[in-house]
Amino acid sequence: MIDPFGRHISYLRVSVTDRCDFRCVYCMSEDMTFLPKSDVLTLEELDRLCTAFIAKGVRKLRLTGGEPLVRRDIMTLINGLGRHLLSGALDELTLTTNGSQLARYARDLVGAGIKRINVSVDTLDPAKFTRITRWGKLDQVLGGLQAAKEAGLRIKINTVALRGVNDDETFELIDWCGREGFDLTFIETMPLGEVDVARVDNYMPLSLLKARIGQRHDMRESDHATGGPARYVTLAETGQRLGFITPMTHNFCESCNRVRVTCTGMLYMCLGQEDSADLRAALRADADNVALNDAIDEAIGRKPKGHDFVIDRRRERPAVSRHMSVTGG
Ligand code: SAM
Ligand code: SF4
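Residues numbered from 1 in each chain as written. Chains lettered and ligands numbered in written order. Predicted model: local features only at pLDDT ≥ 70, side-chain atom pairs only at ≥ 80, totals over all residues. Heavy atoms only, no water.

(A) Local environment of the pattern of salt bridges. Following the criterion strictly, the structure yields 18 salt bridges and no others. A salt bridge links Lys149 to Glu180; the nearest nitrogen and oxygen atoms lie 2.7 Å apart. Here Glu180 lies in helix H6 (residues 170-180) and Lys149 lies in helix H5 (residues 138-151), a separation of 31 residues in the sequence. Glu221 serves as the salt-bridge partner of Lys210, at 3.5 Å between the closest nitrogen and oxygen. Of this pair, Lys210 sits in helix H8 (residues 206-216) while Glu221 sits in strand E7 (residues 219-222); the two residues are 11 residues apart in sequence, bridging distant segments of the chain. With relative accessibility at 24%, the residue Lys210 sits in the partly exposed group. Salt bridges here are not isolated pairs; linked through shared partners, they connect Lys60, Glu92 and Arg116. (Salt bridge = Lys/Arg side-chain N within 4 Å of Asp/Glu carboxyl O. Helix = DSSP H or I, 4+ residues; strand = E, 2+ residues; numbered from the N terminus. Buried < 20%, exposed > 50% of the residue type's maximum accessible area, 1.4 Å probe, protein only.)

Shown next as structure tokens:
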């Protein structure tokens, strides 16, 4: 799959559910309305969809959400998709999770062929953790991380940088990840979906954070790449790797190799644009994937050049109306 700007599309992110056991303040409102269950693709349909993309050249598949591990029988899908790793059709199957269910699933994930996962942790302070996630318990996530580590999963921590909330913990988070052997990536908040807070209050450009880290550590630019949007540095003292995802301050669109599918089968060619293609209708049109393959080709043919996010006081409305939990992180 090659888009109009010559970019090879080899990375698919699939949101397997828009539901979640947390309500992170920057991601969701407290009384979220979720998609009707009847609109959500079945696990068989999700498998068919992923398999069609793999046949078209997707080499890396990330399951996300909402919280992927709260979807009922999720291991049926994950175990099934593991066959593409065994056949060599897929280089990597991975997962973004809030970690709450990892104690239960870590060993099964390894059994399915998953080697590394991203886990979102914004703070190491239990009270603050519950303030940010509203419903989350830090202990449960730390327990899940230990289980994942013991099961042999490589772990990358994702931290959304929030001014006035967790910017006092930058070095604590870096040191913790260093001790635990986790990679760490900071993310800028993006204006996706209405939430109850004004994102501008907590928006923190990562250029600022990076400069602050540079005052304490000898940071070296790294050419490490995982096929995702993060840019990496290593800390010369320890070799520890830090990533920065900067959708706001530095557009990463020129090297974008990704598309995203929601749990209802909407294909979004760009996280920051409204244009989409309805793959559910195409999936259900015939059993041979003829309509599905056509719909995918047609959609890739209109992948936009990029997005342009702005968070400031003049522009209070989100750039796109759907929440990150719908499109998947
Ligand atoms: N529930 C899982 C989790 O939290 O890791 C997977 C889905 S979540 C939507 C994926 C990632 O998106 C998380 O790291 C989360 O912190 C991040 N995220 C959610 N809303 C965001 C926003 N408005 N801007 C930037 N990142 C956001
Ligand atoms: Fe749930 Fe992840 Fe969104 Fe938090 S960021 S509410 S854990 S989907």
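(B) Layout of the site of ligand 1. If you check the shell around ligand 1, you find 18 residues, and the closest are Tyr26, Gly66, Thr97, Ser120 and Met190. Taking Thr97, its main chain carries an N or O atom lying 3.2 Å from an oxygen atom of ligand 1. In the environment of ligand 1, a nitrogen atom lies 2.7 Å from a nitrogen or oxygen atom belonging to the backbone of Met190. Look at ligand 1: alone it shows 540 Å² of surface, and the protein chains cover 96% of it. When grouped by side-chain class, the residues that make up the shell around ligand 1 number five nonpolar, 10 polar and three charged. (Near = heavy atom within 4 Å. Polar contact = N/O pair within 3.5 Å; in protein donor to acceptor, adjacent residues only side chain to side chain. Areas by Shrake-Rupley, 256 points an atom, 1.4 Å probe, with all protein chains shown as cover. Nonpolar A, V, L, I, M, F, W, Y, C, P; charged D, E, K, R; others polar.)

(C) Just the packing of H6 against H8, in detail. Running from N to C, H6 and H8 point in directions that differ by 65°, and their axes come no closer than 11 Å. In terms of their interaxial angle, H6 and H8 are classed as roughly perpendicular. The way H6 lies across H8 gives a crossing that is right-handed. In contact with Thr170, Phe171, Ile174 and Asp175 of H6, H8 contributes Leu209, Arg212, Ile213 and Arg216. (Axes fitted to C-alpha atoms, helices over the stretch in contact; angles between N-to-C directions. Parallel < 35°, antiparallel > 145°, perpendicular 65-115°, else oblique. Left-handed = near helix turned anticlockwise from the far one by under 90°. Contact = heavy atoms within 4.5 Å.)

(D) Representation of the site of ligand 2 in the model. Taken together, Cys20, Phe22, Arg23, Cys24, Cys27, Met28, Gly66 and Asn98 make up all the residues around ligand 2. Its residues assigned to classes, the shell around ligand 2 shows five nonpolar, two polar and one charged.

(E) Representation of unusual backbone geometry. The backbone phi angle of Arg134 is positive, close to 60°, even though this residue is not glycine. In this fold, Arg134 is placed in the loop between helix H4 (126-133) and H5. Given a relative accessible area of 17%, Arg134 falls into the buried group. The phi angle at Asn289 is positive, at roughly 65°, despite the residue not being glycine. Overall, Asn289 belongs to the buried group, its relative accessible area being 16%.

(F) Highlighting the nonpolar core. Judged by nonpolar contacts, the single largest core of 90 residues is most densely connected at Phe53, Ile78, Leu109 and Ile157. Top contributing element to this core by residue count: helix H1 (residues 43-55), with seven residues. Aside from chain neighbours lying at most four places away, what touches Ile78 is Leu63, Leu93, Leu95, Leu109, Ala112 and Ile114. Among the nonpolar cores identified, the runner-up in size contains five residues, and Met190, Tyr203, Met248 and Leu271 belong to it. (Core = buried A, V, L, I, M, F, W, Y, C linked by side-chain atoms within 4.5 Å.)

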